[in-house]
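# Structural overview
The residues making up each chain are set out below.
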Amino acid sequence: QSDERRQRTRSSDDRRNTKRNGTMQFATKNQMKTKAFVTGGVRPQVLRQARRAQRKVPQLQARQIRCAAEVQSTPTYMATYDAKKSVPSINEDYEKPPSNTFTPKKPLEAEIVSVERIVGPNATGETCHIVIKTDGKIPFIEGQSYGIIPPGEKTMPSGKTKPHAPRLYSIASTRYGDKYDGNTTSLCVRRATFWCPELQAEDPAKKGICSNFLCDAKPGDKVLMTGPVGTSMILNEEDPNAVHIMVATGTGIAPYRSYWRRMFLEDTPFKFTGLAWLFMGVANSDATLYDDELNEILKNYPEQFRVDYALSREQKNKNGGKMYIQDKMEEYADQIFDLLENGAILYVCGLKGMMPGINGMLEKVAAEKGLDWKEMQKDLKKKGQWHVEVY
């Protein structure tokens, strides 16, 4: 994720890979009545309407997933959501989020558990799910980030060398990790490469140092970690019946994976009864991330979970142009505004290039409703309903 913050990427690696057969459910327009949403949550009858709407949604065949190392029938990150998973009662009593337990001068040496490619052959780049063994020594809460220090040194203009600075990655697991024991953490990393127009090939001198190190890592490899850091994207658990609107492009989905696993997968003191609504923007259906896990949630929690995709190279917006994340959100603008006015919490994570489009769309819709978006946005921030992390 971090090297995406430095450059647009392309990857020709692993184009022979195929993705795992399954189903991916694409949500149709929400048929829920906006007046049925109440402050902090959703009325049961509205959730029942959502469930009926989800049953009518057409399905699209998902792709065959191949691990970077070997073919697997089920991705290592995959979980079933038919029953809550037991987790140890640890790290639930923080007065404030953990911060910088480890620093660049004193990092934690952790160990790679697995690296798995999670996109199909026609994805615009390679994205991997990476599990790291930490033995619980660098605790965090959902929505925070870790720093990863890539190996080697960089040469300064003076000719001197020094270690690379940490690259930040949003954490893609809950505090209990993918093994539910608090001893691992997970990252969602896109391999950063640079396509040289003159060479008509990737320029290895300009590839992302950290993302390539992580995507090429093998089980048992050591990795230096710093952090955790960040408070802007921490999951708000004050009202378990709240509506959470999550907007992501690419690996910006990482913190939301920690949200939905805490909401729907783990048996913790946080008993979620509200609605989680994900807007996911990627180039095409091969580039969607964790869609098989999302389908599992839709199957088991149809009243509490929604997913809407913006596939820029496969879908058209209402004007016939490419479908970007703001275009998909605009299809549900009335509902989004109604939810925000009634206490919903909105999170945005991903490439910073999406923010002008999102803010422009929200400002336009607000004006049509006789509202001042800038003032409304200030009020949402003040009330803790607006959270943004872009790079």
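Residues numbered from 1 in each chain as written. Predicted model: local features only at pLDDT ≥ 70, side-chain atom pairs only at ≥ 80, totals over all residues. Heavy atoms only, no water.

### Comments concerning the overall build of the protein
Heads up, the rule is: Counting from the N terminus, the helices are the DSSP runs of H or I reaching at least four residues and the strands are the DSSP runs of E reaching at least two. Each residue's exposure class comes from its accessible area (1.4 Å probe, protein chains only) as a fraction of the maximum for that residue type: buried when under 20%, exposed when over 50%, partly exposed otherwise. What makes two residues a contact is simply this: any of their non-hydrogen atoms within 4.5 Å. What sets the accessible areas is the Shrake-Rupley method with a 1.4 Å probe; for residues, cover comes only from the shown protein chains.
Each helix and strand counted, the protein has eight helices and 21 strands in total. Out of the 391 residues in the protein, the part that is buried amounts to 56%. Sequence separation of at least 24 residues holds for 79% of the intrachain contacts in the protein that already meet a minimum separation of 6. Just so you have it, the protein exposes about 17,400 Å², and 48% of that area is on carbon and sulfur atoms.

### Structural notes on the packing of helix α6 (residues 333-341) against helix α8 (residues 373-382)
We count it as follows: Axis definition: a line fitted to C-alpha atoms, limited for helices to the stretch in contact. Angles are taken between N-to-C directions and run from 0 to 180 degrees. Small angles under 35 degrees read as roughly parallel and large ones over 145 as roughly antiparallel, with 65 to 115 read as roughly perpendicular and the rest as oblique. Each crossing gets its handedness from the near helix: less than a right angle anticlockwise from the far helix is left-handed, clockwise is right-handed. Polar here means any residue outside two lists: the nonpolar Ala, Val, Leu, Ile, Met, Phe, Trp, Tyr, Cys and Pro, and the charged Asp, Glu, Lys and Arg; Gly therefore counts as polar.
Two elements in contact, α6 and α8, have axes separated by 11 Å at closest approach and are oriented at 45°. Classified by the interaxial angle, the pair formed by α6 and α8 is oblique. Where α6 crosses over α8, the handedness of that crossing is left-handed. Contacts between α6 and α8 involve F337, L340 and E341 from the former and W373, M376 and L380 from the latter. Across the contact of α6 with α8, the residue classes break down as five nonpolar, no polar and one charged.

### Observations concerning the pattern of salt bridges
Using the following cut-off: Put simply, a salt bridge is a Lys or Arg side-chain nitrogen that is within 4 Å of an Asp or Glu carboxyl oxygen.
Enumeration according to the criterion identifies 23 salt bridges in this entry. Of the charged contacts, one joins E293 and R257 as a salt bridge, the two residues approaching to 3.2 Å between their closest N and O atoms. With E293 in helix α4 (residues 291-300) and R257 in helix α3 (residues 254-264), this pair connects stretches of sequence that are 36 residues apart. The two residues E293 and R257 agree in class, both being buried. Here E293 makes a salt bridge to R261, at a shortest N to O gap of 2.6 Å. With E293 in helix α4 and R261 in helix α3, this residue pair connects regions lying 32 residues apart in the sequence. The exposure class of E293 is buried, given its relative accessible area of 0%. Overlapping salt bridges bring together E92, E142, R175, E237 and R262 as one network.

### Looking at the packing of aromatic side chains
Note the cut-off: Between rings of Phe, Tyr and Trp, where Trp is taken as its six-membered ring, a pair exists when centres lie within 6.5 Å; planes separated by under 30 degrees are stacked, by over 60 edge-to-face, and by other angles tilted. Only lysine NZ and arginine CZ atoms are considered, and such an atom sits over a ring when it is within 6 Å of the ring centre and within 35 degrees of the ring normal.
The tally for this structure, following the rule as stated, stands at 14 aromatic pairs. Note on F264 and F305: the rings are 5.7 Å apart at their centroids and 75° apart in plane angle, and the pair reads as edge-to-face. Taken together, the residues F264 in helix α3 and F305 in strand β19 (residues 305-311) connect sequence positions 41 residues apart. Judged by its relative accessible area of 0%, F264 falls in the buried class. Classification of F305 as buried rests on a relative accessible area of 0%. Following the ring pairs from residue to residue traces out a cluster consisting of F264, F270, F272, Y301 and F305. A cation sits over an aromatic face here: R306 above Y332, 5.0 Å from the ring centre.

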